[in-house]
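As a plain string of letters, each chain reads:
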Amino acid sequence: MELIQENPDLSAYLAADEAIDHHHPLVRATAARLAEGATDSYVYARLAFDFVRDTIPHSQDAGDPRVTWRASDVLERGTGICYAKAHALAALLRAEDIPTALCYQRLAHDEGDGYAVHGLVAVRFNGAWHRQDPRGNKPGVDARFSLDGERLAFLPDPEAGELDHPVLYAAPHPAVLNALQAATDRPHLWRTLPTSL
């Protein structure tokens, strides 16, 4: 699949916004701590990915009712669903000048009825975009940071109506952000996840 930049200006994928608030002191401090162990930007990106994937539980997996959507809140509260974890990873990467996009998949909903949009990121290295999924591993899910072939949490099944969205967004998709901001808790969010973009 060919990934398509929504914005041709690469600097848009380094920008801060309301959700990817990489100028926030907590985001900066976390990025600085992770950067201490990195010898280059690739190593930093892998460390940031592992940090978000492994130390911030996916709130559905953990049974955490809290909803986070701003990167700094994800880091402060230590919880988030896929979108929120993608926002946190994007903020940590952009804080170290690594172009990062938000991207999405349409997958069968966990509840077994219809579809839900799943969020992940893409990082730009060596002139190309590489998708990464920091949602968190669990039985049946083994996502890894990779620039040599995708190691995502989920592989869409086209015969089941699942698909990869090729567009790389500089900011969270409005449908995603609206669902996160309107949710009173995670169970409510789970019932109101976007079904398409």
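You'll find the structure just up there.
As a starting point, this report considers the structure included with it. (Residues numbered from 1 in each chain as written. Predicted model: local features only at pLDDT ≥ 70, side-chain atom pairs only at ≥ 80, totals over all residues. Heavy atoms only, no water.)

### Here's the deal with the packing of aromatic side chains
Per the counting criterion, the structure on display carries six aromatic pairs. A ring pair is formed by Phe49 and Phe145, whose centres lie 5.8 Å apart and whose planes are at 55°; its orientation type is tilted. Of this pair, Phe49 sits in helix 2 (residues 41–55) while Phe145 sits in the loop between strand 4 (128–132) and strand 5 (163–164), and the two are 96 residues apart along the sequence. Look at Phe49 and you get buried, because its relative accessible area is 0%. By relative accessible area, Phe145 is classed as buried at 10%. Aromatic ring contacts, followed pair by pair, group Tyr42, Phe49, Phe125 and Phe145 into a single cluster. When the ring centre of Tyr115 is taken as origin, the NZ or CZ atom of Arg106, which lies over that ring, is 4.4 Å away. (Phe/Tyr/Trp six-rings, centres within 6.5 Å; stacked < 30°, edge-to-face > 60°. Helix = DSSP H or I, 4+ residues; strand = E, 2+ residues; numbered from the N terminus. Buried < 20%, exposed > 50% of the residue type's maximum accessible area, 1.4 Å probe, protein only. Lys NZ or Arg CZ within 6 Å of the ring centre and 35° of its normal.)

### Concerning helix 6 (residues 174–182)
Within helix 6, the full set of buried residues consists of Val176, Leu177, Ala179 and Leu180. Buried residues of helix 6, viewed axially, fall in a sector of 160°; they line one side. Exposed positions of helix 6 whose direction lies more than 90 degrees from the buried face are Pro174 and Ala182. Buried residues along helix 6 sit in contact with helix 5 (82–94), strand 2 (100–108) and helix 7 (186–191). (Arc of directions from axis to C-beta. Contact = heavy atoms within 4.5 Å.)

### A few points about unusual backbone geometry
Although it is not a glycine, Asp97 adopts a positive phi angle of roughly 60°. Residue position: Asp97 is located in the loop between helix 5 and strand 2. If you check the backbone angles, Asn126 has positive phi at about 55° while not being a glycine. Among the residues examined, Asn126 registers a relative accessible area of 77% and is labelled exposed.

### Observations regarding the sheet that holds strand 3 (residues 115–125)
The strand order across the open sheet formed by four strands is 4-3-2-5, and the pairing between neighbours is antiparallel. With partners counted over all chains shown, the strands left at the sheet margins are strand 4 and strand 5, one partner each. As paired strands, strand 2 and strand 3 are joined by nine bridges and run antiparallel to one another. Bridge pairing in strand 3 links Leu107 to Ala116. (Pairing = 2+ DSSP bridges.)

Limitation: the analysis is restricted to geometry and does not speak to function.
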